[in-house]
Amino acid sequence: MDISCQFATSLHSPEHITAAEQLGYHRAWLHDTPAQSPDIWAMLVLAAERTHRIGLAPGVLVPTLRHPMVNASGAATLAALAPGRVALAFGTGFNGARALGASPATWSYLSSYVRTVRGLLRGETVEWEGAFLRMMHPGTNAPQRPIDIPVLVSALGPKGLAITHEIADGLLSVNGETAHAHEFTWAALGIHGTVLGEEEQLDSARVRAASGPGNALAYHAAYEFGGDATTLPGGQAWLDAIDAHPRAQRHFAVHDQHLTGLNAADAAAWDAGSWQAITSTTVTGTPGRIRDTLSAYARDGITEIVYQPTGPDIPGELERFIAIAIASDV
């Protein structure tokens, strides 16, 4: 099982990816979240210039954010600067779309979009929304077509999984979903969490910073996907804080500091006991428990773990996690 990492895109992402390469991580993924992050392609290009081995990938690209030629050109640029190291992942859009107050893309739209991007990278003439498109990059403006870049799709549910089988090279899962991993030769799983120190408590300030954002994702997802956040510890406090905002602006309250820190609602939930859910919503625990969890993921068919560190010591989180992952021999 490959051990990769992911980051909420920031101006520090290139240096974090450089640290990940030095520690031996297989690939680095960056989130496509323009409402809170610098441009994903700019940060990946800077990372390409500073690294030599580590894979580089946007994960996930949201089809409704850009014309397919823009992402095809971005992917080609990255492939020129980091040949053989680039992958792509697409999804219908969680924070990337919902933080804009927008709905996620439909599966039919995503399918057409991914097919269009892949066709462009192959050098084909494709049709998009009634217009014919072709990459016309001359000379050294992009690699010669075809440009072979593997693609993952982030999918849950039967429709998304069926489309992933049709258009992608593998599956990107989140939230511990491993039920369909064995259906794919490449099955990546995004995880959050931190390695606990001896007798370290879940409600400590360090764990709050390092695992709190990943834990808060469960509350954000429950709200956005029609679940009941009040079934989670501190969930009523979280929902009350969200509902205090005008309905038309609640997406700001939900997605503020998404996967980077705790927003006001997340902090209210933490104070009401949301930290009690950390061991189930994230891969947080002792070294032994984390090794056991990674081994279980490998048995489930996961071929790539994608670990996201948060908090003030990203390099330290990366170092502690990969030391355990290597020791677990998965």
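Now for a quick tour of the structure.

Here is what the cut-offs are and how they apply
Residues numbered from 1 in each chain as written. Predicted model: local features only at pLDDT ≥ 70, side-chain atom pairs only at ≥ 80, totals over all residues. Heavy atoms only, no water. Helix = DSSP H or I, 4+ residues; strand = E, 2+ residues; numbered from the N terminus. Buried < 20%, exposed > 50% of the residue type's maximum accessible area, 1.4 Å probe, protein only. Phe/Tyr/Trp six-rings, centres within 6.5 Å; stacked < 30°, edge-to-face > 60°. Polar contact = N/O pair within 3.5 Å; in protein donor to acceptor, adjacent residues only side chain to side chain. Contact = heavy atoms within 4.5 Å. Pairing = 2+ DSSP bridges. Axes fitted to C-alpha atoms, helices over the stretch in contact; angles between N-to-C directions. Salt bridge = Lys/Arg side-chain N within 4 Å of Asp/Glu carboxyl O.

**Remarks on unusual backbone geometry**
When glycine is set aside, most residues are seen to have a negative phi, and most peptide bonds are trans.
Argument step 1. Geometrically, the link from G59 to V60 is a cis peptide bond, its omega value of 5 degrees lying close to zero.
Argument step 2. Within the secondary structure, V60 sits in the loop between strand 3 (55–58) and helix 3 (68–81).
Argument step 3. The amide bond that connects R145 to the next residue, P146, takes the cis arrangement and shows omega of 5 degrees.
Argument step 4. Positive phi, normally seen in glycine, also occurs at E129, with a value near 50 degrees.
Argument step 5. Looking at where E129 falls in the secondary structure, it is placed in the loop between strand 5 (126–128) and strand 6 (131–133).
Argument step 6. Among the residues examined, E129 registers a relative accessible area of 65% and is labelled exposed.

**Topic: the packing of aromatic side chains**
Argument step 1. By the definition in use, this model includes eight aromatic pairs.
Argument step 2. Relative to W128, the ring of Y109 has its centre 5.5 Å away and its plane inclined at 70 degrees; by these criteria the two rings are edge-to-face. Highlighted residues: Y109 in helix 5 (residues 107–121) and W128 in strand 5, separated in sequence by 19 residues.
Argument step 3. Of the residues examined, Y109 reaches a relative accessible area of 28% and is grouped as partly exposed.
Argument step 4. Since its relative accessible area comes to 8%, W128 is described here as buried.
Argument step 5. Judged by centre distance (5.7 Å) and plane angle (85 degrees), the ring pair of Y113 and W128 falls under edge-to-face.

**Side note on the side chain of R98**
Argument step 1. Tracing the backbone shows R98 in helix 4 (residues 95–98).
Argument step 2. Here E224 takes part through its backbone oxygen, which lies 3.2 Å from a polar atom of the side chain of R98.
Argument step 3. Ignoring sequence-local partners within four residues, the contact set of R98 consists of G93, P104, E224, F225, H251 and H255.

**Side note on the sheet that holds strand 7 (residues 151–154)**
Argument step 1. Taken in spatial order, the eight strands of this open sheet run 3-2-1-10-9-8-7-4, and their pairing is parallel. Only two strands of the sheet have a single neighbouring strand rather than two, namely strand 3 and strand 4 (88–90). Within this sheet the neighbouring strands show an average axis-to-axis angle of 25 degrees, counted without direction.
Argument step 2. Bridge analysis of strand 7 against strand 8 (residues 170–173) gives three bridges, and the strand direction is parallel. Paired with L152 across the bridge in strand 8 is G170.

**Quick word on the pattern of salt bridges**
Argument step 1. Using the criterion set out here, one finds eleven salt bridges in the structure.
Argument step 2. Where R115 meets E166, a salt bridge forms, and the shortest distance between an N and an O atom there is 3.3 Å. Of the two residues, R115 is situated in helix 5 and E166 in helix 6 (residues 157–167); the sequence distance between them amounts to 51 residues.
Argument step 3. Relative accessible area serves as the criterion here: at 42%, R115 is assigned to the partly exposed category.
Argument step 4. A salt bridge links D243 to R250, with the nearest nitrogen and oxygen atoms 3.6 Å apart.
Argument step 5. Look at R250 and you get buried, because its relative accessible area is 12%.
Argument step 6. One network of salt bridges, in which partners are shared, links E200, R206, D313, E317 and R320.

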